[in-house]
Each structure stands twice: as structure tokens, then as C-alpha cells.
Amino acid sequence: MPNSSILLEARDLHKSYHKGRHEISVLRGVDLRVEEGELIAIVGASGSGKSTLLHLLGTLDVPDRGEVWFAGRRVDRLSASEKDRLRNCEIGFIFQFYHLLPELTLLENVLMPAMIQCSLWSWWLRRWEAHRRAWEWLDRLGLRKRARSRPQELSGGEMQRAAMARALMNRPRLLLADEPTGNLDLQSAQEVTALLRDLNRTHKLTIIMVTHNWELAQQADRVLRLAEGKLTPLTEPRNLSAALTCGGASP
Amino acid sequence: MYKWLLAWRYLRTRYLALASIISVMLGVATLIVVNSVMAGFANKLRDRLRGLLADIIIEHRSDSGFWNVEQKVKQVYEILGDRVEAVSPAIETFGILQFSYPHSREVITRPVLVIGVEPSSRARVGQFAQYLLNPEHQKNPEHCLEVRGETARRFRKVMESMRRRMDWRSMTYGKLDPEELVRRFDPGQNGPTSPFDGDSEAPPLPPPPTPPELPPEMREPSGIILGYSIATCRKPHAQVVDAEKDYFLLRPGDRVSLMLLTSFDLPGHDGTQGYPRPMEDTFVVTDLFKSEMSEYDARLVFIHLRDMQRLRGMVNRAKALYIKLRDYRQDAAEATRLLSESDAFPPYSYLVQTWEERQGSLLAAIAIERGILNVLLFLIIAVAGFGIFAIFYTIVVEKTRDIGILKSLGASHTGILGLFLSYGLFLGLVGAGLGTTLGIAITVYINEIEQALAYWTGQEVFNRSVYYFDKIPTDMQLSMVLLVNVGALFIAVLASVYPALKAALLHPARAVRWE
């Protein structure tokens, strides 16, 4: 049984994909222990399996072998509906391309996790509370004036902040960020980096992020490198720089 | 909650879905219009058929009919009691009608179905009076076959002049003293005239004497009512909007000659087995009969029952009894059973039928035609269903990443399934709603639309000479509209099931990565 301060633990994770007749082994025994309130950066070359690892940790995918534990509970073998509940209440996702729903306004996008959580009746009862929380996050992330705008009317930085507000809407304990600054200009990337650090410090939010951003990786408590299907810790800035440039990845 | 929100937004933002909505809309509108018009036609047809007949018809199987009409009518009242509203005797037979067109003097001959009726009682058992053109006769049908006043005087004058000019071979039975006729032909005095009468103990009928010939001037003129299409013909280039579309070949007051055969079953004058003899008489047209059913309007002529009895040698006899019930729906089956089982109307001599049984094949044909047409038209919505399926499938592929996002946010399989089924339902609802509005509008204004089409194209869309309806009849039933809508919604939802299932079963990680 994992330690009580451990929020997430992955044990000997294996995952492979089939491409035609060929089997591509992406993860070959990944072990990871993440404590509550930790900010972890995972770096690695493109195609090294970083996003796959995040999907396994976030129960979007199932490992071929190995175990994933969340808050003392094995989650890789949960039923589909239990995984849905876990993702809705305990885990937040941020994607490189924001993945906002284009038919909805920013406010509705932020409200979406709360809507998914509620049935029609309970939404009717709890809608004011959900709206209050959504406005709080929009305020906090500087998006109040853009609340009624559609995603396509926003800049990349605004969209990513909106995606963060959506991920944080149901107060998750774990935030999984898949290259959150990967599609942003320098200034927006710095804003998002600062926000993530701030969230981690003020809200004790546990964050695991996959990044090519040197500045963002430097903010992390721990930096891990995924190479040849295994995670290895990086402590020296020299190693970090080497890891980030490995495989042609841009900082 | 999110399902309804997203389904609604997809509906508003995905213009591809418009194609599905239009196809559902057109299917629903077509079904409503066609069903309403068909129901209108069917109802009008049923009204006309029932109006021309009666609720129940008792028909004697022999050509000579049954004797003692009054007693049979009385027996009907005794058997059915309060259920009966009116009873009317009748004789039907085929005849030849001849008349000369006043302008060209050409003699026109028409085969007709001659019905001998008692106008007052006939008006009570059906809609006979309503179909007469003369409003006076509609109000007082008992006088509809009477020739009075100047017309009668003119008739007598013409008859006299004809008598002087030609050998008057018709009017064999002429107008006889009723008591004399009863003495000669009444089976109550002389025994049954027909083996079907069932009175085997009655003495055999002696051969009747040859009827005397009466001078025609002694006779009162008899009236005849002609079917509208017999007395008229359509103007060649009559327009829909024309008030006068028909030429009148005959008008009330004109004379026509009617030839028919005496009853087949009555004994001959020489005492041998009877044989039919042609009888001819002249009648004065008193009115025209317009049921708006071309087949009937072109074939039926009505004369008084007593004239029919006189011409056919069927004194105090009738072929059928037409019965009007107070409550047809409630009593028809029971009344038919009581009559069929009674001794007064044994089944080997009498055929007892409701009007629906009598017209069963025609009504069944209409029902079958309507059913087949409905199936064919429903295929239109089924085609729309395939359209929805194809569009949905495209939308699901297009929305794969959104589905992945929703799953990463915790949306369940059933939630995604519900989202796309709701979307299908919305498409169906909007399409069916618009289709219902369009269908109702077309049905309500169908005559105006038909006139506009006829005006623009120069072609008559609805040929009034076939049915003689002034307007296209429609009957829009709420149940039919609801059924069509439910069917359309069902097909719309059904068509979205597979794409929705596909969406629900998408792998979340793969969906998120979808480009």
C-alpha cells in the first residue's frame, strides 16, 4: 500500500502500440511516485511516450502491464463509470491545443466539468454555485471580459488560461498538463508558467506536466526524463538542457 | 445537462444538419397533406355512399321482391323497436332512358339504374333530399316527383298530340284503378307470385288477365329525377374558376322516355312462367340529383315507387327496405343480427346488410390504397433517416476530438450516447415541427394552391369532372398528425443510434489525439 502522502503512484507501467504488423513498445516499466502538492515536469524527445504516460496516469488509457494508484486506490482497473467520476472530480487535464469546445462560450466551457458532474435536476439546484466558481476562476485568470466569447475569438494564451480554468473547475487534486506552453508565444508561455507555479504553491495542487519549455521545467520540484520507455530523474541544469534539446525539441 | 446544451448548440451551428431537417420536414409535410386529402376523399366517399344507401338494407333475393310492403315495414319496427328511425321501401332495376336534345332534336339514349322510391321516407333514411338541386325539394322532398301546374297541363297536351300521331304501344299498365290491380296481382288474394315468398300454403296464382290499355290523356304525368351527369355535359374549355362549367341537356319540365322490363318472376298473362316484357313510359323531369360521385350522377334516375310498381307489374311489392337507425355505431351489428334471425326475413329469401357490408369491396379498396400509399410515403422519411445517419456519421467523425475532450472531463459512455441521441431528437423535432407547420398550411390552403397552380400552368390539377367536387376535400385528424410526428421522431432517433454508439465507444486517449 502506498504512503499516505503519496497522491499518485505508477508501478512498472508498460504500454505498446501496434502499427501494422509492428509492435512499438513506448513504455517499458515506468515507476513514478508523486507526493501531494508536488510539481513534476516530464521531459523527453517527441514520440518518447510522454503523452501516453499522462493518459495512463489520468485513466484515459489502460496500461498493458503495471499498476496506477491514486490516493491509495488502484485506478487502472476501475470500471469505466468509476474512471469517469475520477477524471471528473479528482483529475484535471490541460492540452497543448487547449481543446476548448468551439460551440460553447468561454464561460460554458469552464462550466462543462460541473455540468458533467450534475444531472439535469441537480444542475438546476447547483447552477448558481457552479457559476460563482466559474466566475472566480475566470476572474483569477483574467478572463472575465472574455467570458461570453467563443474560443475562436480568443488568443492562444487566453484559450490556454480558459482550459486551465476548466481543468480547475471541480477542484481536482491532480492536474495533468500535456505541453501547456507548447503552442504559445513567449509572453503567454511565461504567464501560463507563472500561473501553474502559483496554483501549485497557493492551492497545494499536484501538477504533472509534460513540457519542452525550459523555463517551465525549471519551476518544477522534480524534473524527470522519459527515454527508451523509462523515467529517470534529472537534477543538474546541464542535464535538463541536454534532455530538452534531445530529439530536436524546442525550448 | 451538458448533453442538451451541446445538442442544442450543434443544432444551431452545424449547417450540415440543415439537410436532415429539410428532408424530415418534407417527409412529414407530404405525409400530412396526402393523408389529409386521402382522408377527405375517403370521408366524402363514405358520406356519399352512406347517403345514397341507408344504415341497413334488407334486399329480397328475387327480382319480383316481396309482397305487402306496409306489413314488412311494420315488421321491421316490431323487430328493431326504438332502434329504428325510418324505413323506406325501394325497387331498383336497369332501364334505358331516351330524350331528345331540344336544340338539335337528336335522340340521346342512356343506360340507367332506375330506383323507385317513396320520396318522403327515402329522404329520412339517407341524404337523398340533400343531393337534389331544387332547394324547395331539399326542404320538402315529398313533392320532388310531383308534376304540377303549367308543366302538368303542357304534358297532357303533348301526350294528346302524340296519341293522335302514333301507335301508342307503351303504357300497357297505364293508370289502373288500384283496387282492380290488387284484385289481379295481389297474392294476398291469389297466393304468392314467387317461390321465394316462403308462403307455401297459399293457393296457386291464377293467370292474370291481359291488362287493359288506357288512353294516355287519362294519366297524370309522372315525375323523374335524373342524375346530374345524365342531364348535363361539361363545357370543353371550362376553367376551374368558371361558375357555369356545364351545358344542360335537360332541365326540369322536359320530357324523357324511360324503358324497363317487367319483373322476371311474375307469371305471364297466359298463365305460363313469367317472362319479362319491355315497358315504356314518358316522364317529366322534376329535378336533378347531384351527389358529386360521378359514377352515381351518371347512372341513377329516381321515379316514384308507385310508378315503378306499375311499370314492373309489382303492385304492393318492393325489392328492398332501407332502414335508418337512431345510433348506427351502437346498434348496427345487433340490428343486422336480429333482422337476419327473424322469421319475417329468412336468409334464403332476404339479404340483410349494413351499408358498409354492401360497399365492403370499395371501402376495403380505399383502405388498402391508403395503407399502401402511407407505407410508400413513410419511405420518404426513411430516406430522410438515412440522410440523418450519413450526416450524423460525418459529424461524429468531425467531433471525435470533442468527444475525447468530454471524456477527459469525465463524460460517460451513456452521456456521449445521450448527447448524440438528443441531437438526433432535436433534428427530428425541428424537422417534424417545420414539416407539420408546412403540411397544415398546405392542407388548409390546398384549394387556393391548386387554383394558383392551375392558373400558372394552364392545366387543371384536380379534375372536377371526375368527382364533381367543387373543392378538394381534406380531413386532417390530430391523431394522424401526431402519428406522423412520432414516426418521424422515431426514425430520426433510430438513424442516430449507430453514430451515437460509435461516438460513445470511442477510445478517449485516441479521441483526444485525433487530428
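Remember, predicted model here, so these are calculated numbers, not experimental data.

With that settled, the discussion passes to the interface of chain A and chain B. Across the boundary between the two partners, chain A contributes 28 residues, which contact 26 residues of chain B. Here chain A and chain B share an interface that buries about 2,500 Å² over both sides, 64% of which is from carbon and sulfur atoms. Broken down residue by residue, the surface that chain A buries against chain B is led by His99, Glu103 and Ile116 of chain A, which jointly contribute 25%. Scanning the region where chain A abuts chain B turns up six residue pairs in polar contact (both at pLDDT 80 or more). Listing elements by their share of the side of chain A that touches chain B, those giving two or more residues are α1 (50-57), α2 (80-89), α3 (106-117) and α4 (120-140) of chain A. The greatest single-element share of the side of chain A that touches chain B, amounting to five residues, is contributed by α3 of chain A. Tallied by class, the residues present in the side of chain A that touches chain B amount to 15 nonpolar, six polar and seven charged.

Take a nonpolar patch on the surface next. Residues and elements named next belong to chain B. There is a patch of nonpolar side chains on the surface, built from Ile440, Val444, Tyr445, Ile449, Leu453, Tyr455, Trp456, Val461 and Met476 and spanning about 960 Å² of accessible area. No other element matches helix α17 (residues 446-457), which puts four residues into the nonpolar patch. One can find valine 461 in the loop between α17 and α18 (464-467). The class for valine 461 is exposed, based on a relative accessible area of 52%.

Here we come to helix α11 (residues 305-312) of chain B. Residue and element names in this part refer to chain B. Burial analysis of α11 places seven of its eight residues in the buried class, which makes it a mostly covered element. Listing the buried residues of α11 in full gives Leu305, Asp307, Met308, Gln309, Arg310, Leu311 and Arg312. Positive phi appears at glycine 313, one or two residues downstream of α11, with a value of about 70°.

Attention now goes to the environment of aspartate 12 of chain A. Examined against the element boundaries, aspartate 12 of chain A turns out to sit in strand β1 (residues 6-19). Sequence-distant contacts of aspartate 12 of chain A, defined by excluding residues within four places in its chain, comprise Gly29, Val30, Asp31, Arg65 and Gly66 of chain A.

Moving on to the pattern of salt bridges. Under the counting rule described, the total for this entry stands at 33 salt bridges over all chains. In this structure, the salt-bridge partner of aspartate 76 of chain A is arginine 74 of chain A, at a minimum N-O distance of 2.8 Å. With its nearest N and O atoms 3.7 Å apart, the salt bridge here joins glutamate 59 of chain B to arginine 358 of chain B. Of this pair, glutamate 59 of chain B sits in strand β1 (residues 56-60) while arginine 358 of chain B sits in helix α13 (residues 355-358), placing them 299 residues apart in sequence.

Definitions and limits used
Residues numbered from 1 in each chain as written. Chains lettered and ligands numbered in written order. Predicted model: local features only at pLDDT ≥ 70, side-chain atom pairs only at ≥ 80, totals over all residues. Heavy atoms only, no water. Contact = heavy atoms within 4.5 Å. Buried area = accessible area lost by both parts, 1.4 Å probe. Polar contact = N/O pair within 3.5 Å; in protein donor to acceptor, adjacent residues only side chain to side chain. Helix = DSSP H or I, 4+ residues; strand = E, 2+ residues; numbered from the N terminus. Nonpolar A, V, L, I, M, F, W, Y, C, P; charged D, E, K, R; others polar. Patch = residues over 30% accessible without salt bridge, like charges linked within 9 Å, V, L, I, M, F, W, Y side chains within 5 Å. Areas by Shrake-Rupley, 256 points an atom, 1.4 Å probe, with all protein chains shown as cover. Salt bridge = Lys/Arg side-chain N within 4 Å of Asp/Glu carboxyl O. Buried < 20%, exposed > 50% of the residue type's maximum accessible area, 1.4 Å probe, protein only.

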